[in-house]
Amino acid sequence: MSTVFVINSGSSSIKYQLINPALEGTDAVVASGMVDQIGLPQGKYSIKHDGEKIEHIAAIPDHSVGMQLVIDLFSEVGLDLDTQDVVAVGHRVVQGGNIFHEPVKIDDTVVEQIESLSPLAPLHNPAHVLGMKVARKLLPSVPHVAVFDTAFFSDLPDASRIYPIPQNVAEKYSVRRYGAHGTSHQYVSQQVPELLDRDPATLRQIILHLGNGASASAVKGGKPIDTSMGLTPLEGLVMGTRCGDIDASVVFHLMRQGGYTVDEMDTMFNRQSGVKAMIGSSDMRDLDDLMAAHDAVGQRCWNVYINRLKRYIGAYMVELGGVDVIVFTAGIGENSPEIREDCLAGLEELGIEIDKDSNNHHFRKPSIISTPESKVTVMVVPTNEELAISRQAIQFAE
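Residues numbered from 1 in each chain as written. Predicted model: local features only at pLDDT ≥ 70, side-chain atom pairs only at ≥ 80, totals over all residues. Heavy atoms only, no water.

### Some points on the environment of Asn 307
So, step 1. Examined against the element boundaries, Asn 307 turns out to sit in helix α11 (residues 296-320).
So, step 2. Distance from Asn 307 to Val 238, taken between C-alpha atoms, is 9.4 Å for residues 69 residues apart in sequence. (Helix = DSSP H or I, 4+ residues; strand = E, 2+ residues; numbered from the N terminus.)

### Observations regarding the pattern of salt bridges
So, step 1. Counted according to the given criterion, the structure contains 10 salt bridges.
So, step 2. With a closest N to O distance of 2.6 Å, Arg 177 and Glu 235 form a salt bridge. Pair noted here: Arg 177 is in the loop between α5 (167-172) and α6 (182-196) and Glu 235 is in the loop between β11 (223-227) and α7 (249-258), with a separation of 58 residues, a long-range link.
So, step 3. Relative accessible area serves as the criterion here: at 10%, Arg 177 is assigned to the buried category. (Salt bridge = Lys/Arg side-chain N within 4 Å of Asp/Glu carboxyl O. Buried < 20%, exposed > 50% of the residue type's maximum accessible area, 1.4 Å probe, protein only.)

### Some points on the side chain of Asn 359
So, step 1. One can find Asn 359 in helix α14 (residues 356-359).
So, step 2. Note on Asn 359: relative accessible area 1%, which makes it buried.
So, step 3. One polar contact links Asn 359 to Arg 340, side chain to side chain, over a distance of 2.6 Å.
So, step 4. Beyond its immediate sequence surroundings of up to four residues, Asn 359 is in contact with Pro 337, Arg 340, Glu 341, Ile 354 and Ile 369. (Polar contact = N/O pair within 3.5 Å; in protein donor to acceptor, adjacent residues only side chain to side chain. Contact = heavy atoms within 4.5 Å.)

### Some thoughts on the sheet that holds strand β13 (residues 367-368)
So, step 1. The sheet built from six strands is open, its strands ordered β11-β10-β9-β12-β14-β13 with mixed pairing. Both outer strands of the open sheet, β11 and β13, are each paired with one neighbouring strand and no more.
So, step 2. Relative to strand β14 (residues 377-380), β13 is paired through two bridges, and the arrangement is antiparallel. Opposite Ile 368, over in β14, you have Met 379 as the bridge partner. (Pairing = 2+ DSSP bridges.)

### Considerations on the environment of Asp 80
So, step 1. Topologically, Asp 80 is positioned in the loop between α1 (63-76) and β6 (86-93).
So, step 2. Every residue in contact with Asp 80, bar those within four places of it in the chain, is listed here: Phe 74 and Ser 75.

### With respect to α11
So, step 1. Over its 25 residues, α11 extends 36 Å from the first C-alpha to the last, a length consistent with the 36 Å expected when each residue adds 1.5 Å.
So, step 2. All buried positions along α11 are accounted for by Gly 298, Cys 301, Trp 302, Tyr 305, Ile 306, Arg 308, Leu 309, Tyr 312, Ile 313, Tyr 316, Met 317 and Leu 320.
So, step 3. Its side-chain oxygen 3.0 Å from the backbone nitrogen of Val 297, Asp 295 forms the N-cap of α11.
So, step 4. Positioned one or two residues after α11, Gly 321 has a phi angle of 75°, which is positive. (Expected span 1.5 Å × (residues − 1).)

### Examining the domain arrangement of the chain
So, step 1. One can read the domain layout of the chain as domain 1 (3-148) and domain 2 (195-385).
So, step 2. With centres defined by C-alpha atoms, the gap from domain 1 to domain 2 works out at 28 Å.
So, step 3. Taken together, the six residues of domain 1 in the interface contact seven residues of domain 2.
So, step 4. Of the roughly 570 Å² buried between domain 1 and domain 2, counting both surfaces, carbon and sulfur atoms make up 52%.
So, step 5. Considering only the side of domain 1, the residues that lose the most area to domain 2 are Leu 120, Leu 123 and His 124, jointly responsible for 59% of the buried surface there.
So, step 6. Viewed at the interface, domain 2 and domain 1 are joined by zero salt bridges.
So, step 7. Our count for the contact surface shared by domain 1 and domain 2 stands at one residue pair in polar contact (both at pLDDT 80 or more). (Domains from an automatic or database assignment. Buried area = accessible area lost by both parts, 1.4 Å probe.)

### Observations concerning the state of the cysteines
So, step 1. Per the counting criterion, the structure on display carries zero disulfides.
So, step 2. Cysteine Cys 301 remains unbridged, with the sulfur of Cys 243 as its closest cysteine sulfur at 13 Å. (Disulfide = S-S within 2.5 Å.)

As structure tokens, then:
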């Protein structure tokens, strides 16, 4: 059994999975876990294996200590990494810029290039680089591979890629629509033709990746022609803590009138906006509770969230020249029947009909939730970004 160790390094966390890329779904996961609250007075680290979870609480001063704790956790559950035939380490990277259009084996030059793209993803790329440096020292005998969220969208058509600002400025500062969640959008959109036994060249798909971060894409003939996230993951849909689309003049107005700094505006739009700004919490379960209580503030937040989804669905239907399949994925997309139903409500004249009984579930496997009469197939397809990363990384196994 050849395995791939998949790492998603954040500014104060390390998420990881040990995966057998030859298997599907949850069967592929040998073990998984997380190191959280790195650099804080008290952190925690955990591992799940064989149906059991082990968790410890301790100070975790930096990523080097955090990664060593991960290795120790594997030994604690009897899974010494040296005996698991780990053939590659796959690193999730948010921003590949104009440099990386496909996965790449990591060396010192690649690390420097990924670090140079940090201005385009200041909340993500520096943490990814830190994780790479630590992991390469602790696991030096296998290839490390960077897999980029932006790669799937690297060849967007000019019509959706270009921002209409002075092009000399755009070129100088690498301003364009890069998208994000590309690993998920690619994985899901490639699953759909196989699941429906359809030729991917004929399919027009709208993929809705709805989690705390959320994005939409329009995929035609297997290739994306548009996506909601832009220069950074801030643009597009309403998210847990991100505002999504907003008039750029709001930034100018608040800086002039409120005296906010650039960093304060960055924090506000990325960490304090979206659902959190409207109900005080970024957890969609809290919004569900407010809706169940017929709370007016919750209803207003729900309406804003759904309206933005409908706007993108409508725009992409026009951009695609019609749609054959609408797919929901990620945590909210897979687990919220209410959001799936409400964002497609009233679209029956456009050939979209959800079967309420089929829809009323949390999904762990691909399912069709549209009626037999619906001209557009509506599906829930669970995403698996880690499995997708492992399958791209194993190509570099030596």
